[in-house]
Amino acid sequence: MENPESIPPAAPLSTRKENVTPINTKIAELTESRQELLSRIQNLKQDLQSWRTKLDTQVKVYREELSELKTSLNTEVEQLRTEFQELRTTLQQQQEDVTANLRNLGDDSGEAEAPKDVVISNATDLDLPRDENHKEAHE
C-alpha cells in the first residue's frame, strides 16, 4: 500500500480548468497546423503527378520525332547508296567504253592491241588529247 504522504494533494478545481484551456488551444493550433501541412503535401503530390504527366508526354513526343528522323535519315542514306551504286556502275561502263575506244584507235592506226587486262583506275588519270591539241596535230 502506498503511503498517504507520498500522494500529492489534489489541485483545486479552478486551477485545473485554467490548465485545460491552454491545452485545448494548443491542440486546436496543432490540429490546424497538421491540416495545413496535409493540404500542402496533397498539393505537392498533385503538382508532382502533373509534372510527371507532362514529362511523359514530352518524352513520348520526342521519341516519336526521333523515330521519324531516324526513318527519314535511313531512307536518305539508302537513297544515297543507290545513287552512288548507279554512279559507280556508270563510271565503270564509261571506263570500259574508253578502254574499248582506245583499243579500237590502236587497231585502226596499226599499233599493237592494248593488253586486255589493263584497268584504268581513275578516269582523271587519262591523258587524252583535247580537241584543240588534236586539231593542231592534224594541221
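Rules of the game
Residues numbered from 1 in each chain as written. Predicted model: local features only at pLDDT ≥ 70, side-chain atom pairs only at ≥ 80, totals over all residues. Heavy atoms only, no water. Helix = DSSP H or I, 4+ residues; strand = E, 2+ residues; numbered from the N terminus. Areas by Shrake-Rupley, 256 points an atom, 1.4 Å probe, with all protein chains shown as cover. pLDDT = per-residue confidence, 0-100. Contact = heavy atoms within 4.5 Å. Salt bridge = Lys/Arg side-chain N within 4 Å of Asp/Glu carboxyl O. Buried < 20%, exposed > 50% of the residue type's maximum accessible area, 1.4 Å probe, protein only. Patch = residues over 30% accessible without salt bridge, like charges linked within 9 Å, V, L, I, M, F, W, Y side chains within 5 Å.

Undergrad: Please explain the overall build of the protein as it appears in this structure.
TA: Per the secondary structure count, the protein includes two helices and zero strands. When the accessible surface of the protein is summed, it comes to about 13,400 Å², and 54% of that surface belongs to carbon and sulfur atoms.

Undergrad: It is not clear to me how the confidence of the model for the protein should be interpreted in this structure. Could you clarify?
TA: Should the pLDDT be low somewhere, the predicted coordinates at that spot are not to be read in detail. Summary statistics for the protein give a mean pLDDT of 79 and a share of 63% for residues scoring 70 or more. Across residues 122–139 the pLDDT falls below 50, and counting only partners more than four positions away or on other chains, this stretch makes three contacts in the model.

Undergrad: Looking at this structure, how should I read the pattern of salt bridges?
TA: Any two side chains of opposite charge can pair, so long as their charged atoms come close to each other. Counted under the stated rule, the structure contains one salt bridge. For Arg81, the salt bridge identified is with Glu78, shortest N-O distance 3.7 Å. Pair noted here: Arg81 and Glu78 are both in helix H1 (residues 13–108), with a separation of three residues, about one helical turn. Judged by its relative accessible area of 44%, Glu78 falls in the partly exposed class.

Undergrad: Please explain a nonpolar patch on the surface as it appears in this structure.
TA: Residues Leu80, Phe84 and Leu87 make up a contiguous nonpolar surface patch of roughly 320 Å² in combined accessible area. Mapped onto the fold, Leu80 is located in helix H1. By relative accessible area, which is 43% here, Leu80 ends up partly exposed.

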